[in-house]
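Structure assessment
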Amino acid sequence: MPRRASDPIVIPDELWERPQMIQALNARDIGTVFHLLRQYAGATQTQIAIACTLTQGRVSEHMKPGGRRVTELDVFERIADGLQMPDTARMALGLAPRTHPGVPAPRTPEPQARTGIVVTDPRPTEADPSDPATTTDLSRLTRWLTTSDTADETIESLARSATSLATAHTRVPAKSLLSQVLRLHRRTQDLLEGSRPRPRHTRELLRIDADLLAHAAVIFGDVNLDHHAEQYAAAALMLAREAGTNEAFAWYAQAKTARWQDRLIEAADFARQGYEASPPTPMKTQLAWYEANAAALLGDQTRARQSVKRAEQSAETIDDSPTDRSVWSFPTERRALFALSVATRTGDPDGALEAAEMADTAWAAGAPVAPALWAQIRVGTGVAHLLKGDLEGTAEQLAQLLTLDPGMRLTTVTRYVADLDRRLSHPRYRDTSLAVQLRAQIRDFNAAALTDDPDMERS
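Residues numbered from 1 in each chain as written. Predicted model: local features only at pLDDT ≥ 70, side-chain atom pairs only at ≥ 80, totals over all residues. Heavy atoms only, no water.

Some details on the overall build of the protein chain
Each helix and strand in the protein chain was counted, giving 22 helices and 0 strands. Burial analysis of the protein chain (459 residues in total) assigns 48% to the buried set. Of all intrachain contacts in the protein chain linking residues separated by at least 6 positions in sequence, the fraction that spans at least 24 positions is 67%. With an accessible surface of roughly 22,800 Å², the protein chain has 51% of that area assigned to carbon and sulfur atoms. (Helix = DSSP H or I, 4+ residues; strand = E, 2+ residues; numbered from the N terminus. Buried < 20%, exposed > 50% of the residue type's maximum accessible area, 1.4 Å probe, protein only. Contact = heavy atoms within 4.5 Å. Areas by Shrake-Rupley, 256 points an atom, 1.4 Å probe, with all protein chains shown as cover.)

Laid out in structure tokens, this is it:
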């Protein structure tokens, strides 16, 4: 079976002992380290990027002759951790070893070791409350439950920051937001791996990190890094299940990623699984609409209609008009976008225009404007006019769209615009001067959009 770009790197143990590798580590020459991984482990730039939480473009920069050097300690740590360097290699790179002489490597303790209660006789006995051993056992158990390197204030601060980042999603450019989400994820992960959190702290840290990973997956999709989005969404689901918390955000991230990779059956199935697993929240309604949208794109109109019915039933029982807006909320204007998309895909331009009017009415009434969502509504409205043969109406919508700041021209916007361009290439329109003009504007619009990889190493 051919190797996939997302397959993990298999690094021979002896590679870390090669003189060239030791010399590169001593010189902190990460570019040469990457070249040796490619030469002796067959690693691709994409595999290295995924393992080290870098972008493929950044790996390429390091590998170029005289290319960019790594200077930040946290990036060295990330590379060492991602490549699972042995302690000898870590120390050659100038990093502390993961294990220390005479100290056993960390392991997951058995439940008996966690509580510190030692059972010396398996036969049931009646406990004697006056027995000092009973008091000692209780004292040890209480001390284990209350001793922690992680304070409640730290957990609350992380949770607040994660919520703030989710709320900033529609207002802050994706590249800037991604670096902050990843930085908070690393802080949370460090607490999980390097401290001694109490059980309830562990569950809360897992929940926070699950939400952060799902948020990162959504942004990776927005900047056209779908392989990263896929991996982060899968990890988010794993952490949410471990924490015993709401899985809906992780399922949404998986459905969104599959949708933009044109894996429409999987997108619909992921959305349906998320819908079934979600408590009664706005996200439950959004997942039903996501299934409907994927099914409509696939051409399965029966499934699309059934999903729309589930979405409408969900909306009737849920307060989906939040006072705050975040990546996870589902306000009226976002619901309108899904209705618009399904309508255009099922040949209902009038229904699409009604959905667009619903969004515009919400904004006119004072709802906060999310630039990327506003842009998608404008494109969808332009498509609806085109379906009605109204090229002038399409031009009017595109004229508004051209004002969108390049930093907000996410992949989810440019792909909508590319669909409009494809429709304008239809023989009915392609030879008209207005259609030619609109297609030129679309090319310029997309060319000025996000074109470089998001910087995950700097704020």
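Quick word on the environment of Tyr-252
Within the secondary structure, Tyr-252 is located in helix α13 (residues 248–260). Sequence spacing of Tyr-252 and Gly-274 is 22 residues, and the spatial spacing of their C-alpha atoms is 6.6 Å. Not counting chain neighbours up to four residues away, the residues in contact with Tyr-252 comprise Val-218, Met-283, Gln-286, Leu-287, Tyr-290, Trp-328 and Arg-334.

Concerning the packing of helix α14 (residues 264–277) against helix α16 (residues 301–317)
Viewed as axis vectors pointing N to C, α14 and α16 meet at an angle of 25°, and their least axial separation amounts to 13 Å. Here α16 runs roughly parallel to α14, going by the angle between their axes. Handedness of the crossing formed by α14 with α16: left-handed. Here Ala-268, Asp-269, Arg-272 and Tyr-275 of α14 come into contact with α16, specifically with Arg-303, Arg-310 and Ser-314. Taken together, the residues that form the contact of α14 with α16 break down as 2 nonpolar, 1 polar and 4 charged. (Axes fitted to C-alpha atoms, helices over the stretch in contact; angles between N-to-C directions. Parallel < 35°, antiparallel > 145°, perpendicular 65-115°, else oblique. Left-handed = near helix turned anticlockwise from the far one by under 90°. Nonpolar A, V, L, I, M, F, W, Y, C, P; charged D, E, K, R; others polar.)

Structural notes on the packing of α13 against helix α15 (residues 282–298)
Here α13 crosses α15 at 20°, and the two axes come no closer than 11 Å. Between α13 and α15, the angle falls in the class roughly parallel. Like other packed secondary-structure pairs, α13 and α15 cross with a definite hand, here left-handed. Of the residues in α15, those in contact with Ala-248, Phe-249, Trp-251, Tyr-252, Ala-255, Lys-256, Arg-259 and Trp-260 of α13 are Met-283, Gln-286, Leu-287, Tyr-290, Asn-293 and Leu-297.

Points about the packing of aromatic side chains
For any pair of aromatic rings, geometry is given as the distance between the ring centres together with the angle between the planes. Going through the model one piece at a time under the given rule, you end up with 8 aromatic pairs. When the ring of Tyr-252 is compared with that of Tyr-290, the centres are 5.6 Å apart and the planes differ by 90°; the resulting orientation is edge-to-face. One end of the pair, Tyr-252, is in helix α13; the other, Tyr-290, is in helix α15, with 38 residues separating them in the sequence. Tyr-290 matches Tyr-252 in its accessibility class, with the two residues each being buried. An aromatic cluster is defined as three or more aromatic residues linked by ring pairs; in this entry it consists of Phe-249, Tyr-252, Tyr-290, Trp-328, Phe-330 and Phe-338. Its guanidinium or amino end placed over the ring of Phe-76, Arg-28 lies 4.2 Å from that ring's centre, counting from NZ or CZ. Just above the ring of Tyr-275 sits the side chain of Lys-284; from NZ or CZ to the centre is 4.2 Å. (Phe/Tyr/Trp six-rings, centres within 6.5 Å; stacked < 30°, edge-to-face > 60°. Lys NZ or Arg CZ within 6 Å of the ring centre and 35° of its normal.)

As for the environment of Trp-289
Assignment of secondary structure puts Trp-289 in helix α15. Along the backbone, Trp-289 and Phe-338 are 49 residues apart, and their C-alpha atoms lie at a distance of 6.3 Å.

Details of the confidence of the model for the protein chain
In the predicted model, the protein chain carries a mean pLDDT of 83, and 84% of its residues have values of at least 70. No element of the protein chain has a lower mean pLDDT than helix α7 (residues 111–115), which averages 35, and none a higher one than α14, which averages 95. Here residues 100–125 is a poorly scored stretch, pLDDT under 50, and it has 9 contacts once near neighbours within four places are set aside; other chains count. Scored below 50 in pLDDT, residues 451–459 makes 34 contacts in the model with residues more than four places away or belonging to other chains. (pLDDT = per-residue confidence, 0-100.)

Quick word on the side chain of Lys-256
Structurally, the position occupied by Lys-256 is in helix α13. Of the polar contacts made by the side chain of Lys-256, one reaches the backbone oxygen of Val-218; its length is 3.3 Å. (Polar contact = N/O pair within 3.5 Å; in protein donor to acceptor, adjacent residues only side chain to side chain.)

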